[in-house]
Structures are given as structure tokens and as C-alpha cells.
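Here's the letter readout for the chains.
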Amino acid sequence: MHGLLTTLGRGFKERIGWKRLGIAASLLIVAFAISTMVRTLKGVDTGVILTALTEIPPAHIALAALCVIGAFCTLTFYDFFALRTIGKRHVPYRTAALASFTSYTIGHNIGATVFTGGAIRFRIYSDHGLSAIDVAKICFLSGLTFWLGNLFVLGIGMAWHPEAATAMDLLPPSVNRLIAIGCLAGIAAYFVWLVTGKERRQLGQNGWKVVLPSARLTLLQVVIGVVDLGFCALAMYLLMPASPGIDFVSLAVVFILATLLGFASHAPGSIGVFDAAMLVALPQFVPEQLLATLVVFRILYFLIPFGISISIMGFRELWLSVIQPWQERRRLVELREACAASDAVRQPVKRQARG
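Cut-offs used in this document
- Residues numbered from 1 in each chain as written.
- Predicted model: local features only at pLDDT ≥ 70, side-chain atom pairs only at ≥ 80, totals over all residues.
- Heavy atoms only, no water.
- Helix = DSSP H or I, 4+ residues; strand = E, 2+ residues; numbered from the N terminus.
- Buried < 20%, exposed > 50% of the residue type's maximum accessible area, 1.4 Å probe, protein only.
- Polar contact = N/O pair within 3.5 Å; in protein donor to acceptor, adjacent residues only side chain to side chain.
- Contact = heavy atoms within 4.5 Å.
- Core = buried A, V, L, I, M, F, W, Y, C linked by side-chain atoms within 4.5 Å.
- Phe/Tyr/Trp six-rings, centres within 6.5 Å; stacked < 30°, edge-to-face > 60°.
- pLDDT = per-residue confidence, 0-100.
- Salt bridge = Lys/Arg side-chain N within 4 Å of Asp/Glu carboxyl O.

(A) Spotlight on the side chain of Thr-145. Tracing the backbone through its elements, the reader meets Thr-145 in helix α7 (residues 132-160). Residue Thr-145 is classed as buried on the basis of its relative accessible area, which comes to 1%. At a separation of 2.9 Å, a polar atom in the side chain of Thr-145 contacts the side chain of Gln-221. For Thr-145, the contacting residues outside a window of four places in its chain are Tyr-78, Phe-81, Gln-221, Ile-224 and Gly-225.

(B) Structural detail: the nonpolar core. In terms of nonpolar packing, the biggest core is built from 57 residues, with Met-236, Phe-255, Phe-274, Met-278, Leu-282, Phe-297 and Tyr-301 touching the most fellow members. Setting aside residues up to four positions removed in sequence, Leu-282 forms contacts with Met-240, Ile-246, Leu-251, Val-254 and Leu-290. Of all hydrophobic cores here, the second largest spans 24 residues; its members include Ile-124, Ile-138, Ile-187 and Leu-212.

(C) Quick look at the packing of aromatic side chains. Per the stated rule, a full pass over the model turns up 16 aromatic pairs. Considering the side-chain rings of Tyr-237 and Phe-248, the 5.7 Å spacing of their centres and the 90° angle between planes classify their relative orientation as edge-to-face. Of this pair, Tyr-237 sits in helix α10 (residues 215-239) while Phe-248 sits in helix α11 (residues 248-265), placing them 11 residues apart in sequence. Judged by relative accessible area, which is 32%, Tyr-237 ranks as partly exposed. Taking relative accessible area as the criterion, Phe-248 reaches 32% and is therefore assigned partly exposed. Both rings, one in Phe-255 and one in Phe-297, keep their centres 5.7 Å apart while their planes meet at 85°; by these two values the pair is edge-to-face. Linking Phe-255 in helix α11 with Phe-297 in helix α13 (residues 287-354), this pair joins segments that are 42 residues apart in sequence.

(D) Looking closely at the environment of Asn-176. With respect to the helices and strands, Asn-176 occurs in helix α9 (residues 173-196). Take Asn-176: its relative accessible area is 0%, and that puts it in the buried class. For the pair Asn-176 and Glu-163, spaced 13 residues apart in sequence, the C-alpha to C-alpha distance is 7.8 Å. Residues within four places of Asn-176 in sequence aside, it is in contact with Met-158, Pro-162, Ala-165, Thr-166, Asp-169 and Leu-171.

(E) Up close: the confidence of the model for the chain. Summing up the model confidence of the chain, the mean pLDDT is 82 and the portion of residues at 70 or higher is 81%. Within the chain, the lowest mean pLDDT, 51, falls on helix α1 (residues 2-15), and the highest, 94, falls on helix α4 (residues 58-85).

(F) Looking closely at unusual backbone geometry. Going from Ser-243 to Pro-244, the amide bond is cis rather than trans, its omega being -5°. Mapped onto the elements, Pro-244 comes out in the loop between α10 and α11.

(G) Representation of the pattern of salt bridges in the model. This structure, assessed with the given rule, holds eight salt bridges. We note a salt bridge from Asp-134 to Lys-88, for which the minimum N-O separation is 3.7 Å. Note that Asp-134 is positioned in helix α7 and Lys-88 in the loop between α4 and α5 (93-110), a separation of 46 residues in sequence. What makes Lys-88 partly exposed here is its relative accessible area of 22%. Here Arg-316 ties to Glu-317 by a salt bridge, and the two come within 3.8 Å at their closest N and O atoms. Exposure remark for Glu-317: the relative accessible area of 25% places this residue in the partly exposed category. A single network of salt bridges, built from pairs that share partners, joins Arg-123, Asp-127, Arg-316 and Glu-317.

In C-alpha cells:
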């Protein structure tokens, strides 16, 4: 039996591989999202969507914007926590905040977050002496914070309201509750594994090792992830139509599942995938009203932060590549001119002394 499993595993790696499987899964998710969006948008009245946009209370939009700001402020602690975990204490919080915010917003909007986000992080952290391996560790620990928060909130939410996920995954509520218990049990087992180690647990080999946070610090990781997701879900909740009503926990479950599907698709900004998942999971709402909510959420959570990040990185590159070198050249020119003027003054003095 062991030999058969080993042979199958070797054949899987040689003929298929995890990379091809991931690409196939992403394409499948995107194809499903496109077909769902096309089917859902048939007969949708654009005029009704525009009317629904005007019906969202401005106060709710303002509060949702504050929640989005809170989410991105919390997001900055993903990198700051990771930096402190790998011992890079010389990197200040402002640098961690810049790297976390820009890498997430640009990477998630462009797509292929692992590569684009990692490249932006390296561009910023390399100025502080961090290597590519250090950046890889930061990406890993930030991802761990994200997944711990997601699994914890999803576990609590699906255990409390398993019916909320049924419309999306088409599984019976009892099965969804078992999945929720499995998520929470997995987190509990991870904590036990951390606590029972004689020293800090490590992952990796062949020169690449990352020391995992202790159980106490992992609890802080979970809190960071939960607060981030809580702000995002609350922003969506504030923008939802008043009728029919939906409780916050049910919406949070749907929101997290839609977000995870969007991440799995690697589509730029999860466009189409996230929206289709929300439309499928919330059939009780009028499609036009729900689309209006999704449009406002996209503007607040995707488009505006993306524009800010592009502006920040553009100005940073302009400063580092153009303005700063120009200032250095100008300083050197002024220094040479000052030295030349000083030499010109000294020469007559020397001649008078000789005379």
C-alpha cells in the first residue's frame, strides 16, 4: 500500500504537479464566475442599479469608508509582526506599513499576488538591507496571519450559522458545521503543537528556515487577522440593502468564502469571482441592489487604495531614482565650487607670503 501511494505521488509530481493543478483550479474558478455573472446579469436593469446606488445612505458609505481605513491600518501590522518575528527590529513601523499596504493593494489588484506583492516588498525592504530570503519569510508569516484569521472567523461563523455557507458550497448545514469544527480543531492543534515544543518551532530546510511565533504571539496573529476581516465584513454589512435583513455573522461567512474564492482565482482584484460568489450566496437580495453594494465596496476597498498605492510608489521611485540623485549631484557640484573658490583665495595669500 505504501509503495502504491509513493508511486502515485511520484507520478502526480512528474505528470501533473501542484503548479499545473493550481492553474487548472484558478481557471475553473474564473470560468465558473464568468458563467455565473453572465447568467445573473441577464435581464439586469442598469437604471435600477444607478437608482440603488443613490439609495445607499451617505452616512453608511462614510462609516464603511472608515471601516476600510481601519482594515488597512490593521493590515500594516501583518508585515510589522513578521519583521519582529524574524528579528529585523531595525526596520521601522512606517516602512512595514508602506510595504504591507502597497504590496497588498497593488498585488491584489494586478493579480498573482505572491509575485507582484513579493516584488514590491523586496523593492522597499532591500533599502534596509533585507535579502530575498527575508522577504520570503515576511510573505510567509503575513500569509499565515491571514489564514489563521480567516479560518478562525470562518470556523466560528459556520459553526454558528452553517446555513450561510450552504448557498455557496451547496453542502448540507450539518456538513458545513463539521467543516467549521474542523477549522477550529486545526487551529487548536496548531497551538498545541507550538506549546509542546521544547524550543520555538521551525519550518523549512536547505538554508531556508523560518522560526514560527510562540503560542502567545500566535494568539496575537489570530487577533490581527480577525480584526482585519471584521473591519472588511463590517464595511460590506453597512453597504447592504436594508431589506431583506441579514445578520452580521451570516454576511461575514459569505464575505470570507467569496474573498477566499477570489484569492484562489488569482484574478486581478478578484473581479468577477468575488462578485459572482456574493450574488450566488445571497439570492434573497434584488440583484441590482446587491450589485450597487458591490460597486461601492469595490470603489472603497479596491480602486481608491489602489490609486493611493500607485501614487505613493510612483512618487517614491521618482524621489529615489530622480530627485535624490539630482540633489546628490548638485551637492557635489556645490562642494567642488566651494573647494575651487577656497583654492582661489589661498593662492594669492601664498604668493604674498613668498614675496
